[in-house]
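For reference, the chains in residue letters:
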Amino acid sequence: MSAPSVVLIGRPNVGKSTIFNKLTRTRAALVANVPGLTRDRRYGRATLGERVVNLIDTGGLFGDHELVAALSEQTRLAVWEADVVIAVFDARDGIINADHDVIDYLRRENIPFIPVLNKVDGLDENMIVAEFAQFGFAQPLLMSATNNRGLKSLAELVVEALADIAPNSDAQDAFVVDGVKVAIVGRPNVGKSTLVNRLVGEERQVVFDMPGTTRDAIDIPFERDGTQYVLIDTAGVRRKGKVDEIAEKFSVVKALDAMERAHVVVLVVDAREGIVDQDLHVLQYALEAGAAMVLAVNKCDGLNDEQRARVRTGVDRKLNYIPWLPVHRISALHGTGVGHLFGKVDEVYEA
């Protein structure tokens, strides 16, 4: 039976991920005072009263970053999936232009939503309500997710909005608890999200030619040949000494956590660069986590015979201490070899 979907949207850094974590009772979404930490749709299961819902956390809808077009499309996809939309605003910052963009979008598309004014602790609530009155909200919810204020009221509003929506027993549940957990790991920009999109068959992850586009470890349930899987797309892992940004420090923790809870780890490397020291560090992390492993050598398309031979020799030399590691050559972008990759995954999982 399918649970209804509830999506959190709003500009960056208004507290969407904190609300997500509180309602799902997890620490799954990255939370820090840095705009733009959430860049993909994140799914979680939340129990609101007697109603179970699939909660979707999204990246900020608007901004001036070059990624914004792709991120906005991800958010719009999540909105169209949703039965209920929660629009979150920062009461402490007040109204800025990006908030107008969010409201304009929702009203232009005729999408009903629950308005939430977050971070109200320590503020004059009458002044907050007066400022946001220009949006014509009938009764916005004042809350402080960090301090657990308003969470119960938000849950009640969502349940009320879902009163006329019956669970759909024919639709596939967006959040699958059981399944073979497969973590897709590797250095930044080796094609992990492209591989995930190819396997799942939709543009679920933001794919952009810039290292670090994925910062969280994103769980994506899907079914293949009658078997349930959960793909875990991780942020690129760099060596500890190279991790400077606060967001990247969070990302490494998430990637390591993904390896810890995965049944199988697929290490993706760039054939054009070969296996470098960072790949060996990632490999060591995965081995220490005790997961079964498959090595996916990506971007093999376009290499001539001499380059292919050089890649093969380099892989054999660098990995001679683990000769049992299955090696599979693919092109995530063009799909070459991807269809057989899960044959290797199934083999090592059974082993």
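Just above sits the structure.
Fair warning: this is a prediction, and the values are worked out from it, not measured in the lab. (Residues numbered from 1 in each chain as written. Predicted model: local features only at pLDDT ≥ 70, side-chain atom pairs only at ≥ 80, totals over all residues. Heavy atoms only, no water.)

*Asks:* Residue-level account of empty space enclosed by the protein, with values.
*Replies:* If you roll a probe as big as a water molecule over the atoms, it shows you where there is empty space left. For the structure on display, the rule yields two cavities of 30 Å³ or more. Quantified by volume, the largest cavity comes out at close to 40 Å³. Contributing to the lining of the largest cavity are L267, V269, I275, D279, L280, L283, L295, L319 and L325. Contributing elements (two or more residues each) for the lining of the largest cavity: β10 (264-270) and α8 (277-289). Ranked by residues supplied to the lining of the largest cavity, first place goes to α8 with three residues. Of the residues contributing to the lining of the largest cavity, the split by class is eight nonpolar, no polar and one charged. (1 Å grid on protein atoms, 1.4 Å probe; cavity = no way out; pocket = protein on both sides within 12 Å on 5 of 7 lines; lining within 4 Å. Points joined across faces, edges and corners; volume = space filled by probe spheres on them. Helix = DSSP H or I, 4+ residues; strand = E, 2+ residues; numbered from the N terminus. Nonpolar A, V, L, I, M, F, W, Y, C, P; charged D, E, K, R; others polar.)

*Asks:* Quick one: what's the story with the pattern of salt bridges, residue by residue and with numbers?
*Replies:* Pairing is possible between side chains of opposite charge, provided their charged atoms come close. Applying the stated rule across the entire model yields eight salt bridges. Salt-bridge contacts for E125 lead to R149; the nearest nitrogen and oxygen are separated by 2.5 Å. With E125 in helix α4 (residues 125-132) and R149 in the loop between β6 (141-142) and α5 (151-161), this residue pair connects regions lying 24 residues apart in the sequence. On the accessibility criterion, R149 (36% relative accessible area) is partly exposed. For K299, the salt bridge identified is with D270, shortest N-O distance 3.4 Å. With K299 in the loop between β11 (292-298) and α9 (305-318) and D270 in strand β10, the pair connects residues that are 29 residues apart, well separated along the chain. Side by side, K299 and D270 carry an identical accessibility label, which is buried. When salt bridges with common partners are traced through the structure, they connect R11, D93 and D99 into a single cluster. (Salt bridge = Lys/Arg side-chain N within 4 Å of Asp/Glu carboxyl O. Buried < 20%, exposed > 50% of the residue type's maximum accessible area, 1.4 Å probe, protein only.)

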